[in-house]
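One letter stands for each residue in the lines below.
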Amino acid sequence: MTEGKPEAISVANALSIAKGRLEGITVRIVGEVSELSNKPGYAAVYFTLKDKDEKAVLPCLMWQNRFKSSGVQLKIGDLVDVTGRFSLYAAKGRMNFDVFAISLAGEGDIRLKIANLAKKLEAEGLMSAASKLPVPTLPQRIGLVTSPRGAAVYDVLRTLRRRYPLAQVLVAGVPVEGAQAPAYLMSGVDAVRDAGAEVILLVRGGGSFEDLMPFNDEALARHIRSLGVPVVTGIGHEPDNSIADMVADLRASTPTAAAEAISPALADIEDQLRSYARRMSSALLTKVSLASKRLLEAKASVPFTDPMSLFRREGQELDDMRGRLEGSLLAPVRRRAKRLDEMRLSLVKAGPVILGGRSVALARGLAKMISVGNALIAPKREEMSVIAARLEGMSPLGVLSRGYSITFAEDGKVISRIEQTTPGQRLDIRVTDGSIGCIVDDVRGS
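Source: prediction; values computed, not measured.

Trainee: Can you help me understand the packing of helix 4 (residues 151–163) against helix 8 (residues 255–262) in this one?
Mentor: The relative placement of two packed helices comes down to the angle between their axes together with the axis-to-axis distance. Between helix 4 and helix 8, the shortest axis-to-axis distance is 8 Å and the interhelical angle comes to 30°. Between helix 4 and helix 8, the angle falls in the class roughly parallel. As helix 4 packs across helix 8, the resulting crossing turns out to be right-handed. Seen from helix 4, the contacting residues are A152, D155, V156, T159, L160, R162 and R163; seen from helix 8, they are P255, T256, A259 and E260. A breakdown of the residues in the contact of helix 4 with helix 8 according to their chemical character gives 5 nonpolar, 2 polar and 4 charged.

In structure tokens:
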């Protein structure tokens with residue numbers, strides 16, 4: 001070696017020395033991903049980190065086994081926190097940062113935790129459609145849990161007053177930001193549920209990612225699922241989506257949209273009521289028409305057009321019974337009377353011969369026999385008269401004999417009401433000893 005000068009070495013030796021020195025240093029770096037190459041089949045993931053002011057960049061690599069176990073879904077623009085050591089690739093004379101561990105830094109790390117929580121709750125079934133409760137169509141009591149000072153409470157109340165003023169709104173004003181906000185939100189939903197709310201609106205206006213963090217709380221998510229009352233969320237703006245939105249029974253994009261989702265417009269209710277009224281009217285008219293048809297059929301039936309036909313069989317039976325009774329009662333009397341007549345004639349003929357001068361005594365005996373015969377016949381005659389009177393009272397003809405009459409139209413139908421007649425109509429009036437033909441001159445009600 002020349003005095004005053006270091007000994008010259010080869011390029012390979014120089015890179016080897018540098019590589020040994022660099023790989024002995026482990027550092028932690030925070031930077032933004034500006035380039036990314038994660039190709040299938042490659043042994044490592046290659047990316048570049050830069051500072052926000054872009055004054056320095058650092059090429060990095062991370063072996064696939066380490067990258068996959070980290071769980072990070074890396075993309076350009078992510079702010080990451082990496083730990084590793086510098087390494088020198090001698091063949092190219094290029095320095096790389098060999099990454100041992102990687103995680104999202106700042107908001108990115110929080111989003112990763114939220115994503116992992118969402119996967120966990122989804123795996124437990126807290127986000128499944130089967131676990132969600134149906135939202136009532138016409139709730140009478142609506143719970144509202146939000147900040148009492150934000151714009152969201154006014155937007156919701158204004159929407160409900162305009163669309164569905166019939167419902168009673170139960171408001172629980174609670175903080176919606178800060179570390180204690182999840183506990184306040186849980187107390188709020190409990191309060192309105194215990195007050196009788198049939199559906200609960202959990203809402204807040206827009207804000208930063210950090211402002212919406214209380215709605216990503218795991219305890220709040222589990223509390224919503226165990227509440228027993230349907231919860232509708234309207235948190236932030238359209239792109240915002242929190243854990244509370246995912247587990248809620250219905251998610252709306254904004255507080256106003258949440259209020260609209262549970263409140264039917266009055267015009268829609270009126271249209272529905274009109275539809276119900278039309279259907280009820282149609283059903284009632286159908287029933288009335290059917291009842292009227294049955295009434296007309298009943299009115300045209302035989303019992304109403306010819307009421308006497310109801311008693312024809314019974315009348316014939318009564319006449320037959322009367323005939324048999326008369327025959328059974330009068331036949332013995334007639335036989336006895338005939339025998340008496342025969343005996344009388346015999347006596348009249350034989351009396352003068354047998355009795356001779358005893359005509360006075362014979363006359364007395366004859367009078368006594370007649371008296372005895374009449375005494376024997378009298379009870380039977382009275383009994384027969386009673387039975388005949390009863391039969392006469394049961395006979396339709398007996399009614400006519402007492403001064404009543406039956407009026408028939410020309411077609412033979414019985415006239416029982418004045419609306420069955422018209423002036424000029426010819427009628428036949430049946431009385432006890434015949435019938436009277438007449439023409440209607442006037443019709444008067446009783």
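Picking up after the structure, the text goes on.
Trainee: Would you mind going over helix 4 with me for this structure?
Mentor: For an α-helix, 3.6 residues make a turn, and residues three or four places apart therefore share a direction. An ideal rise of 1.5 Å per residue puts 18 Å on 13 residues; helix 4 measures up with 18 Å between its terminal C-alpha atoms. All of the buried residues along helix 4 are A152, V153, V156, T159, L160 and R163. Buried positions in helix 4, seen along its axis, are confined to an arc of 135° and lie on one side of it. Exposed and oriented more than 90 degrees from the buried face of helix 4 are A151, R161 and R162. In this structure, the buried residues of helix 4 make contact with strand 6 (141–146), strand 7 (168–173), strand 8 (199–204), helix 8 and helix 9 (266–299).

Trainee: How do you make sense of the sheet that holds strand 7 when you look at a structure like this?
Mentor: Strands in a sheet are paired, the pairing made by backbone hydrogen bonds, and the direction either parallel or antiparallel. In spatial order, the strands read 7-6-8-9-10; together these 5 strands make up an open sheet with parallel pairing. Whereas interior strands pair on both sides, the edge strands pair on one side only; in this sheet they are strand 7 and strand 10 (250–252). Across the sheet, the mean angle separating the axes of adjacent strands is 20° when strand polarity is ignored. Relative to strand 8, strand 6 runs parallel, the two sharing 4 bridges. Residue pairing for strand 8: L144 is matched across the bridge by L201. In this fold helix 4 packs onto strand 6, strand 7 and strand 8, with an angle of close to 165° to the strand it touches most, strand 6.

Trainee: Just checking my understanding: could you explain the sheet that holds strand 4 (residues 79–89) for this structure?
Mentor: With respect to topology, 5 strands assemble into a closed barrel ordered 1-2-3-5-4, the strand pairing being mixed. Sheet twist, expressed as the average angle between the axes of neighbouring strands with direction ignored, equals 55°. Pairing analysis gives 7 bridges linking strand 1 (residues 26–37) to strand 4, with the strands arranged antiparallel. For I29, the partnering residue across the bridge sits in strand 4 and is V82.

Trainee: Could you clarify how one ought to interpret the pattern of salt bridges in this entry?
Mentor: Two side chains of opposite charge can pair, provided their charged atoms sit close to one another. Taken as a whole and judged by the stated rule, the model has 14 salt bridges. D98 serves as the salt-bridge partner of R66, at 3.6 Å between the closest nitrogen and oxygen. Highlighted residues: R66 in helix 2 (residues 64–70) and D98 in strand 5 (residues 94–104), separated in sequence by 32 residues. On the accessibility criterion, R66 (30% relative accessible area) is partly exposed. Across the salt bridge formed by K120 and E218, the nearest N and O atoms sit 3.2 Å from each other. Linking K120 in helix 3 (residues 107–123) with E218 in helix 6 (residues 218–225), this pair joins segments that are 98 residues apart in sequence. Judged by its relative accessible area of 39%, K120 is partly exposed. We classify E218 as partly exposed; its relative accessible area is 27%.

Trainee: Which parts of the structure should I look at to understand helix 5 (residues 181–194)?
Mentor: An ideal rise of 1.5 Å per residue puts 20 Å on 14 residues; helix 5 measures up with 20 Å between its terminal C-alpha atoms. All of the buried residues in helix 5 are A181, P182, L185, M186, G188, V189, D190 and V192. Looking at the buried side of helix 5, the elements it contacts are strand 6, strand 7, strand 8 and helix 6. One or two positions beyond helix 5, positive phi appears at G196, with a value near 105°.

Trainee: How do you make sense of empty space enclosed by the protein when you look at a structure like this?
Mentor: Using a probe with the size of a water molecule, rolled over the atoms, empty space left in the structure can be pinpointed. What the rule picks out here adds up to 2 cavities of 30 Å³ or more. Taken as a whole, the largest cavity holds about 40 Å³ of empty space. Along the walls of the largest cavity sit R322, L325, E326, L329, M384, I387, A388 and L391, which together make up its complete lining. Sorting the residues of the lining of the largest cavity by element identifies helix 11 (312–355) and helix 12 (359–394) as the ones contributing at least two each. Looking at the lining of the largest cavity residue by residue, the class counts come to 6 nonpolar, no polar and 2 charged.

Conventions and cut-offs
Residues numbered from 1 in each chain as written. Predicted model: local features only at pLDDT ≥ 70, side-chain atom pairs only at ≥ 80, totals over all residues. Heavy atoms only, no water. Axes fitted to C-alpha atoms, helices over the stretch in contact; angles between N-to-C directions. Helix = DSSP H or I, 4+ residues; strand = E, 2+ residues; numbered from the N terminus. Parallel < 35°, antiparallel > 145°, perpendicular 65-115°, else oblique. Left-handed = near helix turned anticlockwise from the far one by under 90°. Contact = heavy atoms within 4.5 Å. Nonpolar A, V, L, I, M, F, W, Y, C, P; charged D, E, K, R; others polar. Expected span 1.5 Å × (residues − 1). Buried < 20%, exposed > 50% of the residue type's maximum accessible area, 1.4 Å probe, protein only. Arc of directions from axis to C-beta. Pairing = 2+ DSSP bridges. Salt bridge = Lys/Arg side-chain N within 4 Å of Asp/Glu carboxyl O. 1 Å grid on protein atoms, 1.4 Å probe; cavity = no way out; pocket = protein on both sides within 12 Å on 5 of 7 lines; lining within 4 Å. Points joined across faces, edges and corners; volume = space filled by probe spheres on them.

Read these as geometric descriptors, not functional statements.
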